[in-house]
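Descriptive structure summary
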Amino acid sequence: MSFYETLYIVDPNLENSSLEKTMDEIGKELEKTKSKIINHRVWGKKRLAYPIERQKYGSYILMQFESGDQEKMIDYDLSLIHISEPTRLRRISYAVICL
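So, here's what we can say about the structure.

Analysis parameters
Residues numbered from 1 in each chain as written. Predicted model: local features only at pLDDT ≥ 70, side-chain atom pairs only at ≥ 80, totals over all residues. Heavy atoms only, no water. Helix = DSSP H or I, 4+ residues; strand = E, 2+ residues; numbered from the N terminus. Buried < 20%, exposed > 50% of the residue type's maximum accessible area, 1.4 Å probe, protein only. Contact = heavy atoms within 4.5 Å. Areas by Shrake-Rupley, 256 points an atom, 1.4 Å probe, with all protein chains shown as cover. Expected span 1.5 Å × (residues − 1). Arc of directions from axis to C-beta. Phe/Tyr/Trp six-rings, centres within 6.5 Å; stacked < 30°, edge-to-face > 60°. Lys NZ or Arg CZ within 6 Å of the ring centre and 35° of its normal. Core = buried A, V, L, I, M, F, W, Y, C linked by side-chain atoms within 4.5 Å.

Topic: the overall build of the protein chain
Looking only at helices and strands, the protein chain has two helices and four strands in total. The secondary structure elements of the protein chain, listed N-terminal to C-terminal, are β-α-β-β-α-β. Looking at the protein chain as a whole, 36% of its 99 residues qualify as buried. Within the protein chain, contacts between residues separated by at least 24 positions form 70% of all contacts whose residues are at least 6 apart in sequence. Surface exposure of the protein chain reaches about 6600 Å², of which carbon and sulfur atoms provide 52%.

Have a look at this one:
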């Protein structure tokens, strides 16, 4: 099994309940791939390198996990892009880095 780290950015104006809901959704999607979450925490609000949809800041969330079924990981990558509510600014930017 390989270890991975995902860093994603969400709207900095989300309330804690909405932020927790987003983190839970992403965690549940990852668990469908039989992966084990090691660490999933809010890293904090940080200034973006450039504005995204007129936002200068973003809430960074760090997740570390041990990969599960590799074929299901492809579906997880696609579902991560589509996790959102119909409200604006709920898009998630992410990068996956192999440790």
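Thoughts on helix α1 (residues 16–31)
Think of an α-helix as turning once every 3.6 residues; residues three or four places apart then point the same way. Taking 1.5 Å as the rise per residue, α1 with 16 residues should run 22 Å; its terminal C-alpha atoms sit 22 Å apart, in good agreement. The set of residues buried in α1 consists of Leu-19, Thr-22, Met-23, Ile-26, Gly-27 and Leu-30. Looking down the long axis of α1, one finds its buried residues gathered within 130° of arc, a one-sided arrangement.

A short note on the packing of aromatic side chains
All told, the structure shown has two aromatic pairs when counted by the stated rule. Ring centres 6.4 Å apart and planes at 70° place the aromatic pair Trp-43 and Tyr-60 in the edge-to-face group. Remark: Tyr-60 occurs in strand β3 (residues 55–66) and Trp-43 occurs in strand β2 (residues 36–52); sequence separation between them is 17 residues. Tyr-60 gets classed as buried once you look at its relative accessible area, which sits at 13%. When the ring centre of Trp-43 is taken as reference, the NZ or CZ atom of Lys-46 above it lies at 5.3 Å.

Notes on the nonpolar core
Generally speaking, a soluble globular protein has its nonpolar side chains buried in company with each other. Within the largest apolar cluster, eleven residues are counted, these being Tyr-4, Tyr-8, Val-10, Leu-14, Leu-19, Met-23, Ile-26, Leu-30, Ile-61, Met-63 and Phe-65. Where this core is concerned, the elements lending two or more residues are β1 (3–10), α1 and β3. No other element matches the four residues that α1 contributes to this core.

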